[in-house]
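Residues per chain, in single letters:
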Amino acid sequence: MFGFSLMKIVFTIAVVFAVWQAFKYLGRLQDDREKRAKVQKRGPKPSQEPPKQSGVEDMVECKVCGAYVTRGIKSCGRSDCPF
């Protein structure tokens, strides 16, 4: 009725091992998330440089020609350009 075969024992050991490894992996993920949260909460270290900007700039519409130009541009080439 409750016969123990070699396959049942091997299967049980494999399932226990797989569950154990899954818990170890999930524990490491949780530790990494907690470390990242602490670093973000603490802010950058004084020796680290501030993060570089991504290079995205806001565009402003030229009132004369209607073209969109970046802020700080000197001129669009027209004589009546406000930039």
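The rules behind the values
- Residues numbered from 1 in each chain as written.
- Predicted model: local features only at pLDDT ≥ 70, side-chain atom pairs only at ≥ 80, totals over all residues.
- Heavy atoms only, no water.
- Helix = DSSP H or I, 4+ residues; strand = E, 2+ residues; numbered from the N terminus.
- Buried < 20%, exposed > 50% of the residue type's maximum accessible area, 1.4 Å probe, protein only.
- Areas by Shrake-Rupley, 256 points an atom, 1.4 Å probe, with all protein chains shown as cover.
- Patch = residues over 30% accessible without salt bridge, like charges linked within 9 Å, V, L, I, M, F, W, Y side chains within 5 Å.
- Salt bridge = Lys/Arg side-chain N within 4 Å of Asp/Glu carboxyl O.
- Phe/Tyr/Trp six-rings, centres within 6.5 Å; stacked < 30°, edge-to-face > 60°.
- Lys NZ or Arg CZ within 6 Å of the ring centre and 35° of its normal.

(A) Quick look at the overall build of the chain. Tallying secondary structure elements over the chain gives one helix and two strands in all. Moving toward the C terminus, one meets the helices and strands of the chain in the order α-β-β. Buried residues in the chain amount to 4% of all 83 residues. Carbon together with sulfur atoms contributes 61% to the accessible area of the chain, which is approximately 8,200 Å² in total.

(B) Spatial organisation of a nonpolar patch on the surface. On the surface, Phe11, Val15, Val19 and Phe23 cluster together into a nonpolar patch covering about 420 Å² of accessible area. Relative to the assigned elements, Val19 resides in helix H1 (residues 6–42). You can call Val19 partly exposed: its relative accessible area is 41%.

(C) Examining the packing of aromatic side chains more closely. Counted under the stated rule, the structure contains one aromatic pair. It is Lys24 that lies over the ring of Trp20; its NZ or CZ is 5.1 Å from the centre.

Bear in mind that shape data such as this cannot, by itself, settle questions of function.
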